[in-house]
Amino acid sequence: MIDIHTHILPGVDDGAQCWEDTLDLARAAVLEGITTMIATPHHANGAYINRADEVVEHARHINERLVTEGVPLTIATGQEIRVHDDLLDAWSRKELLSLADSHYVLIELPSSRIPKDMDELLHELNIMRVKPIIAHPERNAEIVKHPERLAELIERGAWAQVTTHSLLGGFGRRIEKAAWSLCRSGLIHIVSSDAHHVERRGFRLRQAYDVIRERMGEPWENYFLNNAQCVIEDKPFSSKPESTYSEGVLRRFLSYFPHN
Ligand SMILES: [Fe+2]
């Protein structure tokens, strides 16, 4: 399995704090069947910067240590980039990283709302052939209230990643419900862990895929598994399986929240 959103690099953000934390996470990942993960330290979220060159150098060093320890895990590079005014300029200055050198980037919205110039940002990224994946939209208050707004962002060229802990109830019932609704509405393209710490917030990726298979069927499990592979291989995502909601139910679900 491939995990495209993790905080495994030590001492750079609120994820792993030291090499032992990183090693614990890496060993737990291998036990779950994860072979490749993308390190996505926070960028420009108000607390952390983690410039591209620093992340690349750090990941190179950690990969070497994992080889020495005999842990069969490859760490590719990325960032979890907070949407901010300087994003496009930071991209031009080469301070940002795509996911595993692909055309995909992982972007994070503020937790309360969708920034007002989001459409413009998506338009610019589109022109630059950069494919933004929105991290955990199920944890954005505006999207939970108005899921059709995520559908609009997707129509404008965004993709979306749900977090395993949201699906498995780790952030409470409301976020769990939102996560499953978005998945069943076909508004989610990728599942990943956003792992921070082996005990407090580990991977649970295998468990999440198992529950997806039980609730939504094997084609959806395969769709999500395959899309994670597509990020690493820099390929377009595969086409969606039939929605587990009928078209009528889906339309009613999306139209339940009036536009304003
Ligand atoms: Fe994250």
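Everything below is about the structure shown above.
Notes on the structure in this doc start here. (Residues numbered from 1 in each chain as written. Predicted model: local features only at pLDDT ≥ 70, side-chain atom pairs only at ≥ 80, totals over all residues. Heavy atoms only, no water.)

### Description of the overall build of the protein chain
Thinking step 1. What the protein chain contains, in helices and strands, is 11 helices and 9 strands.
Thinking step 2. The globule rule puts the C-alpha radius of gyration for 260 residues at 18 Å, and the 17 Å found for the protein chain is close to it.
Thinking step 3. Each principal axis of the C-alpha atoms in the protein chain carries an extent, and together these give about 55 × 40 × 30 Å.
Thinking step 4. Buried residues in the protein chain amount to 55% of all 260 residues.
Thinking step 5. In the protein chain, the proportion of contacts linking residues at least 24 apart, taken out of those at least 6 apart, comes to 75%.
Thinking step 6. Approximately 11800 Å² of the protein chain is accessible, and the part contributed by carbon and sulfur atoms is 49%.
Thinking step 7. Taking the 29 positively charged and 39 negatively charged side chains of the protein chain as two groups, their mean positions are separated by 6 Å. (Helix = DSSP H or I, 4+ residues; strand = E, 2+ residues; numbered from the N terminus. Rg over C-alpha atoms; globule rule 2.2 N^0.38 Å. Buried < 20%, exposed > 50% of the residue type's maximum accessible area, 1.4 Å probe, protein only. Contact = heavy atoms within 4.5 Å. Areas by Shrake-Rupley, 256 points an atom, 1.4 Å probe, with all protein chains shown as cover. Lys, Arg positive; Asp, Glu negative; His and termini not counted. Charge placed at Lys NZ, Arg CZ, Asp CG, Glu CD.)

### A few points about the sheet that holds strand S2 (residues 36-39)
Thinking step 1. Pairing in this open sheet of 3 strands is parallel, and the strands run S1-S2-S4 from one edge to the other. Looking at which strands have only one partner, the edges of the open sheet turn out to be strand S1 (2-6) and strand S4 (74-77). Across the sheet, the mean angle from the axis of one strand to that of its neighbour is 25°, orientation sign disregarded.
Thinking step 2. Bridge analysis of S1 against S2 gives 3 bridges, and the strand direction is parallel. Within S2, the position partnered with Ile 2 by the bridge is Thr 36. (Pairing = 2+ DSSP bridges. Axes fitted to C-alpha atoms, helices over the stretch in contact; angles between N-to-C directions.)

### Some details on the coordination of the iron ion
Thinking step 1. Looking at the iron ion, one finds its protein donor set to be His 5 (NE2), His 7 (NE2), Glu 80 (OE) and Asp 194 (OD), positioned 2.1 Å from the metal centre.
Thinking step 2. Here the iron ion is ringed by 4 donor atoms whose angles at the metal span 84 to 172°, and the overall shape comes out irregular.
Thinking step 3. Mapping the donors of the iron ion onto the primary sequence yields the spacing H-x1-H-x72-E-x113-D. A residue pair is termed long-range when its members are at least 10 positions apart, and His 5 in strand S1 and Glu 80 in strand S5 (residues 80-82) qualify at 75 residues. (Donors = N, O, S within 2.8 Å, 3.2 Å for Na, K, Ca; no water. Tetrahedral: all angles 85-135°; square planar, octahedral: opposite > 155°, others 65-115°.)

### Comments concerning the pattern of salt bridges
Thinking step 1. Under the counting rule described, the total for this entry stands at 17 salt bridges.
Thinking step 2. Between Arg 206 and Asp 210 there is a salt bridge, with its nearest N and O atoms 3.2 Å apart. Residue Arg 206 and its partner Asp 210 are located together in helix H9 (residues 205-216), separated by 4 residues, close to a single helical turn.
Thinking step 3. Look at Arg 206 and you get partly exposed, because its relative accessible area is 28%.
Thinking step 4. Linked by salt bridges that have partners in common, Arg 206, Asp 210, Arg 213 and Glu 221 make up one network. (Salt bridge = Lys/Arg side-chain N within 4 Å of Asp/Glu carboxyl O.)

### Brief notes about a negative patch on the surface
Thinking step 1. Together, Asp 85, Asp 117, Glu 120 and Glu 124 line one region of the surface with negative charge.
Thinking step 2. Its place among the elements puts Asp 85 in the loop between S5 and helix H3 (87-92). (Patch = residues over 30% accessible without salt bridge, like charges linked within 9 Å, V, L, I, M, F, W, Y side chains within 5 Å.)

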